[in-house]
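Structural characterization, general
Residue-level listing of the chains:
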Amino acid sequence: MNAARLHEFGRPLQWDDVPTPELRTGSDVIVRMAAAGLCHTDISVIDGTLPDIKGRFPALPYILGHENAGYVHAVGDSVTGLKAGDPVLVYGAWGCGTCVFCRRGEEQRCPVSPLTPGISPEYQGGFAEFMYVPSSRYLLKVEGSMEDLAPLTDAGLTSYRATKRVRSHLSPGSFSLVIGTGGLGLYALQYLPLFGSSTVIAADVADRKLRLAENFGASVALNLREDNPVEKVASATGGRGVKSILDFVGTSATAALSMKVLSADGIYVDVGLGGGTLSVPLIDLVHSESSITGSIWGTYEELAEVYELVKSGKVKSTIQKFNLSDINSAITQMRNGELLGRAVLAG
Ligand SMILES: [Zn+2]
Ligand SMILES: [Zn+2]
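Residues numbered from 1 in each chain as written. Chains lettered and ligands numbered in written order. Predicted model: local features only at pLDDT ≥ 70, side-chain atom pairs only at ≥ 80, totals over all residues. Heavy atoms only, no water.

Another point: helix α11 (residues 327-335). Along α11, the residues that are buried comprise Ile327, Ala330, Ile331 and Met334. Axial view of α11: buried residues confined to an arc of 100 degrees, hence all on one face. Those residues of α11 hidden inside the fold are in contact with β1 (2-6), β3 (29-38), α1 (40-47), β15 (319-323) and β16 (342-346). Among the residues trailing α11, Gly337 stands out with phi positive, at a value near 70 degrees. (Buried < 20%, exposed > 50% of the residue type's maximum accessible area, 1.4 Å probe, protein only. Helix = DSSP H or I, 4+ residues; strand = E, 2+ residues; numbered from the N terminus. Arc of directions from axis to C-beta. Contact = heavy atoms within 4.5 Å.)

Here you go:
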């Protein structure tokens, strides 16, 4: 089969002819890929700056891609409920299955064996014609455009879990701030009004992304390159500050801004892996009774919920389609901040 493989960290991927994955055990499924989303995490893996949760880098050459949708191609003897041709999303957090987190469905938090195809050395990802999946329990049967659905497995799911965290902080007259209106932020803008009432402020460094955010319901657009974003938030909120903050960037700068504009009883949720650090005077935390937390990916059940929202037309994916063989130009556009929404590789 054809696959886009990383041969050297920091270099473009190469288009290779490699062996097609085969069934190894009765629980396995081989998926014929239909679409795969490109994530900022992929860039960090390509650059060799982001190891997996266990601190390891994949052995090269390696196939990335952890946001995958395709059609069942072959199933092991013990697989039930799936047959060749079924369209499926691949839930990508593959835990040990037996720890306390896995037992409650939070496999993305598994501390024992958290593996991700396309990031962890053990499993190749979906930037290929076929993909090996070790259990049918990671597959969600779906209907619809696979290109629109593929990003749900990470961009749509991660932003969904994060937005659920701020749900109890949404109320009429309150303000929400979404930092970063790329692949994840555009989903969050759609989830917020489904979960509660708030006036949404969207923040980014690119005006065309902010215009798109306004199309998705943001009432205030905040360009972070402007002189004084803190003042702009203060005036937009009438000095009240922001009750809910979703940070999809996660740099020291976005965290610092967040701490300045977060109101009493507020919540700051970091999702972005920008590598920042956060410094907060504890006395402020005492007085404000605000919450500071993170949110990581999502559960299979949450993926099913996100799919239901898309199926019912309440949430839409914003994608830019590329041929898989043109993946390097998608990567370049992502590096340059030129993409609107999610880049999806297909065909
Ligand atoms: Zn990702
Ligand atoms: Zn586990």
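Moving on, there is more to tell.
It is worth spelling out the packing of α1 against α11 at this point. For any two helices packed against each other, one specifies the inter-axial angle together with the distance between the axes. Taken N-terminus to C-terminus, the directions of α1 and α11 make an angle of 105 degrees; their axes are 10 Å apart at the nearest point. With respect to α11, the axis of α1 lies roughly perpendicular. On α11, the residues that touch His40, Ile43, Ile46 and Asp47 of α1 are Ile331, Met334 and Arg335. Looking at the contact of α1 with α11 residue by residue, the class counts come to four nonpolar, one polar and two charged. (Axes fitted to C-alpha atoms, helices over the stretch in contact; angles between N-to-C directions. Parallel < 35°, antiparallel > 145°, perpendicular 65-115°, else oblique. Nonpolar A, V, L, I, M, F, W, Y, C, P; charged D, E, K, R; others polar.)

The parts lose accessible area when they come together, and the size of an interface is often stated as this lost area. By domain assignment, the chain separates into domain 1 (2-154 + 298-346) and domain 2 (157-294). On a C-alpha basis, the centroid separation for the pair domain 1 and domain 2 is 28 Å. Counting residues at the interface gives 28 residues for domain 1 and 18 residues for domain 2. Across the contact surface, domain 1 and domain 2 share four salt bridges. Linking domain 1 to domain 2 there are 10 residue pairs in polar contact (both at pLDDT 80 or more). It is helix α10 (residues 300-311) that provides the largest number of residues to the side of domain 1 that touches domain 2, a total of five residues. Taken together, the residues of the side of domain 1 that touches domain 2 sort by class into nine nonpolar, nine polar and 10 charged. (Domains from an automatic or database assignment. Salt bridge = Lys/Arg side-chain N within 4 Å of Asp/Glu carboxyl O. Polar contact = N/O pair within 3.5 Å; in protein donor to acceptor, adjacent residues only side chain to side chain.)

The full count for this structure, using the stated rule, is nine aromatic pairs. Residues Trp94 and Tyr123 carry aromatic rings whose centres are separated by 4.9 Å and whose planes lie at 75 degrees to one another, so their mutual orientation is edge-to-face. Placement of the pair is Trp94 in the loop between β6 (87-90) and α2 (100-103) and Tyr123 in the loop between α2 and β7 (130-133), with a sequence separation of 29 residues. Overall, Tyr123 belongs to the buried group, its relative accessible area being 18%. Measuring from centroid to centroid gives 5.2 Å for Trp94 and Tyr138, while their planes differ by 15 degrees, and the two rings are stacked. Note that Trp94 is positioned in the loop between β6 and α2 and Tyr138 in the loop between β7 and β8 (139-141), a separation of 44 residues in sequence. Residue classification places Tyr138 among the buried positions, given a relative accessible area of 4%. Within the aromatic cluster, the residues linked to one another by ring pairs are Trp94, Tyr123, Tyr132 and Tyr138. (Phe/Tyr/Trp six-rings, centres within 6.5 Å; stacked < 30°, edge-to-face > 60°.)

With that out of the way, let us pick up the coordination of the zinc ion (ligand 1). A metal bound by six donors in octahedral fashion has ideal angles of 90 or 180 degrees, whereas one bound by four tetrahedral donors has an ideal angle of 109.5 degrees. Around the zinc ion (ligand 1), the protein supplies Cys39 (SG), His66 (NE2) and Asp154 (OD) as donor atoms, at distances of 1.8 to 2.2 Å. Site description for the zinc ion (ligand 1): donor spacing in sequence, C-x26-H-x87-D. Taken together, the residues Cys39 in the loop between β3 and α1 and Asp154 in the loop between α3 (146-149) and α4 (155-165) connect sequence positions 115 residues apart. Judged by its relative accessible area of 8%, Asp154 falls in the buried class. (Donors = N, O, S within 2.8 Å, 3.2 Å for Na, K, Ca; no water.)

The next subject is the pattern of salt bridges. Counted under the stated rule, the structure contains 18 salt bridges. Taken together, the shared-partner salt bridges in this structure form one network comprising Arg104, Glu106, Arg109, Arg161, Lys164, Glu302 and Glu305.

Attention now moves to the environment of Asp270. Tracing the chain through its elements places Asp270 in strand β13 (residues 262-270). Judged by its relative accessible area of 22%, Asp270 is partly exposed. Not counting the four nearest positions on each side in its chain, Asp270 is found in contact with Asp247, Gly250, Thr293, Gly294 and Ser295.

The subject of this paragraph is the nonpolar core. Formed by 91 residues in total, the largest nonpolar core has its most connected members in Phe127 and Leu246. Viewed by domain, this core spans two of them, domain 1 (2-154 + 298-346) and domain 2 (157-294), each represented by three or more residues. When sequence neighbours within four positions are dropped, the list of residues in contact with Leu246 reads Ala162, Thr163, Val166, Leu177, Val178, Ile179, Ala188, Leu192 and Val269. The next biggest cluster of nonpolar side chains, apart from the first, holds 15 residues, and it includes Ala203, Val233, Ala255 and Val261. (Core = buried A, V, L, I, M, F, W, Y, C linked by side-chain atoms within 4.5 Å.)

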